[in-house]
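# Per-entry structural report
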Amino acid sequence: MADKSFHPSEADLLHAMRLLVRDDSQHYPNQVIKHQLDILASGQLPEKGIGEQATLDQLAPIVLDGAAKLGSDIAFAHMDPPTPWITWVTHCWNASLNQNLLHPDVSPVAGELERCLINWLTPYFGMSGGHLTPGSTVSNLTALWAARDLSGVKRVIASTSAHVSIAKAAHILGLELISIPVKPTGQIDESLLSEQGQNSALVLTAGTTSEGAIDSFSSVGKFAWTHIDAAWAGPLRFSSQHADVLAGIEQADSVAVSAHKWMYQPKECGVLMFKDVQSANDVLSVNSAYLTKSNIGLLGSHGASAIPLLATLIAWGQDGLAHRIDLAMSNADKLCQFLRQQEKVHVFSENICGVVLWRSSDKSASHILQALPTGAASKTTINGEEWIRHVSANPSINLSLLQKAIAHSLS
Ligand SMILES: Cc1ncc(COP(=O)(O)O)c(C=O)c1O
């Protein structure tokens, strides 16, 4: 007889889905969440299971109501956008199928779909191919691995505002890391890039994590390898209004984009692309007796993360993705404008890629953060100074509500 844990009824699945779309009146208060959490935290691995339905009912308050709501009308704090519902369903499909792209025989179509997705994306970046990763941390490491083994790179040059994953990658790969200071706006100071192109990989960032700065691409091609970490700002390429901000990206040797950021995918989903994918794949591949095709990149077993992204792009089209990016940029512009009108408020820079930083000359960032609703802002430190940080990626943001909350935090 079939094991029902692997063969749900329609009613089981409908119940699970209904928990996701309950209206606000059915949400659990914080005390209930805390109580449930305490029970689990103080207990042990249960000896007897309670069954799927009861488990979902028990976990729903903690998992669903205990999480930050990234799509709420005030969520504007981090590089973590809400996800479209088509990705919830396709993730559920992926979990139920559990395909492994390492073996074509257990993922007969999923591998083809990933290739199709990569073929759709690479032209926007002038690259010839690539593969999906769990995010830009892994993409940056893989790109520098290719740089080391293809171009004899011995050192990595990146700005002091580059993401920590660059330092991690240099460390793991045994490469020297040279950190170049940034200009006051957070861009790499190119005047400090000496002509040490030989044996060096230059890493430029499109959308630095703290400031949202985009490095100038004028040094692309002057080094043995240029990698562009476009984890955050890469999707600007899909907007005809904003694509030119990343003009020159197509001259790079490799580009990383985190699809779980501004492409609205659930974690973990990153895209790594190469100018010469054939040569990159040659150095990133290993073969083994149990494999029927070579294993490219860092991961062994990996799932069909292309499917939710492919589904999103089919549902939205380039136009739909561009619309969300344009909306986010316009919201960030409006927020900057509003902040500039406030007394004793200093805005870090104009809006470059949806990251807005500001501070008040008479209230500390911690004080302001505490006065703002949870999820409306985050905090970052630049040159010893604390800044309030907003990241514009939530299509459902209610700007006037956010502006009211900011005005209140300053009063
Ligand atoms: C500029 C930049 N690069 C790389 C990363 C790491 O990407 P991921 O979180 O997808 O591993 C981040 C994450 O915030 C980032 O902002």
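Residues numbered from 1 in each chain as written. Predicted model: local features only at pLDDT ≥ 70, side-chain atom pairs only at ≥ 80, totals over all residues. Heavy atoms only, no water.

### Brief notes about the sheet that holds strand β13 (residues 385–391)
Under the convention used in this document: Pairing between two strands is assigned when DSSP locates at least 2 bridges connecting them. Strands are runs of DSSP state E lasting at least 2 residues, helices are runs of H or I lasting at least 4, and numbering of each runs from the N terminus. Axis definition: a line fit to C-alpha positions, over the contact stretch in the case of helices; interaxial angles, taken between N-to-C directions, run 0 to 180 degrees.
Taken together, the 4 strands give an open sheet; going across it, the order is β10-β11-β13-β12, and neighbouring strands pair in antiparallel fashion. The sheet is open, and its two borders are formed by β10 (345–347) and β12 (378–382), each paired with just one other strand. Across this sheet, the average inter-strand angle for adjacent strands is 35°, counted without regard to direction. Looking at chain direction, β12 and β13 are connected through 5 bridges and run antiparallel.

### Notes on helix α6 (residues 136–151)
Stated formally: Helix span, as expected, comes to 1.5 Å for every residue beyond the first. Note on exposure labels: buried denotes an accessible area under 20% of the residue type's maximum, exposed denotes more than 50%, and partly exposed covers the range between, all computed with a 1.4 Å probe on protein chains only.
Along its 16 residues, α6 runs 21 Å from first to last C-alpha, staying within 8% of the 22 Å computed at 1.5 Å per residue. Where α6 is concerned, the buried positions are S136, V138, S139, N140, L141, T142, A143, L144, W145, A146 and A147.

### Considerations on the domain arrangement of the protein
Note: interface size is frequently given as the accessible area lost on complex formation between the parts. Heads up, the rule is: An automatic or database domain assignment provides the domain bounds reported here. Here, two residues are considered to be in contact whenever any of their heavy atoms come within 4.5 Å of each other. Summed over both partners, the accessible area lost on bringing two parts together, with a 1.4 Å probe, is the buried area. Think of a salt bridge as a Lys or Arg side-chain nitrogen and an Asp or Glu carboxyl oxygen that are within 4 Å of each other. Here a polar contact is taken to be a pair of N or O atoms separated by no more than 3.5 Å, where protein atoms must pair a possible hydrogen donor with a possible acceptor and residues adjacent in sequence count only if both atoms sit in side chains. Each residue is assigned to one class: nonpolar for Ala, Val, Leu, Ile, Met, Phe, Trp, Tyr, Cys and Pro, charged for Asp, Glu, Lys and Arg, and polar for all the others, Gly among them.
Domain boundaries assigned for the protein yield domain 1 (10–63), domain 2 (100–314) and domain 3 (316–410). Using only C-alpha atoms to locate each centre, domain 2 and domain 3 end up separated by 28 Å. Counting from both sides, the interface comprises 23 residues of domain 2 and, opposite them, 23 residues of domain 3. Around 2,100 Å² of area is buried between domain 2 and domain 3 when both sides are counted, 64% of it from carbon and sulfur atoms. The largest share of the area that domain 2 buries against domain 3 comes from S210, W262 and Y264, three residues that together contribute 28% of it. The interface formed by domain 2 and domain 3 includes 0 salt bridges. At the junction of domain 2 and domain 3, the tally comes to 11 residue pairs in polar contact (both at pLDDT 80 or more). Each residue belonging to the side of domain 2 that touches domain 3 can be placed in one class, and the counts come to 13 nonpolar, 9 polar and 1 charged.

### Here we look at the packing of aromatic side chains
The criterion, for reference: Any two rings among Phe, Tyr and Trp, with Trp reduced to its six-membered ring, count as a pair given centres within 6.5 Å; such a pair is stacked if its planes are under 30 degrees apart, edge-to-face if over 60, and tilted if neither. Any Lys NZ or Arg CZ found within 6 Å of a ring centre and within 35 degrees of that ring's normal is scored as a charge over the ring.
Per the counting criterion, the structure on display carries 6 aromatic pairs. Ring centres of F125 and F238 lie 5.8 Å apart, and the angle between their planes is 75°; on these two criteria the pair is classed as edge-to-face. Highlighted residues: F125 in the loop between α5 (110–121) and β1 (129–133) and F238 in the loop between β5 (225–229) and β6 (254–258), separated in sequence by 113 residues. Given a relative accessible area of 1%, F125 falls into the buried group. For F238, a relative accessible area of 3% puts it in the buried group. Where W232 meets W262, the ring centres are 4.6 Å apart and the plane angle is 15°; that geometry is what we call stacked. Of this pair, W232 sits in the loop between β5 and β6 while W262 sits in the loop between β6 and β7 (270–274); the two residues are 30 residues apart in sequence, bridging distant segments of the chain. According to the relative accessible area criterion, W262 is buried, its value standing at 0%. Geometry around W387 places R359 over its ring, the cationic atom sitting 4.6 Å from the centre.

### Some thoughts on the site of the ligand
Operational definition: For each residue, the test is whether any non-hydrogen atom lies within 4 Å of the molecule or strand; if one does, the residue is near. The protein chains shown are the only cover counted for residues, whose accessible areas, like all others here, come from Shrake-Rupley with a 1.4 Å probe.
Residues in close proximity to the ligand total 15 residues, the closest being T137, T209, D229, S258 and H260. The contact in question runs from an oxygen atom of the ligand to an N or O atom on the side chain of T137, over 2.7 Å. At a separation of 2.7 Å, an oxygen atom of the ligand approaches a polar side-chain atom of H260. For the ligand, whose free accessible area comes to 390 Å², the fraction covered by protein is 87%. If one sorts the elements of the shell around the ligand by residue count, α6 sits on top with 3 residues. The class makeup of the residues in the shell around the ligand is 2 nonpolar, 11 polar and 2 charged.

### Details of the pairing of strand β2 (residues 155–159)
Most of β2 sits inside the fold, with 5 of its 5 residues counted as buried. Here β2 shows two buried faces, one formed by R155, I157 and S159 and the other by V156 and A158. Pairing of β2 with strand β3 (residues 176–180) involves 5 bridges; the strand directions are parallel. Among the inter-strand pairings, R155 is bridged to a residue of β3, identified as E176. Bridge count for β2 against strand β4 (residues 200–205) is 3 bridges, and the pairing is parallel. Looking at β4, one finds that I157 is bridged to L202.

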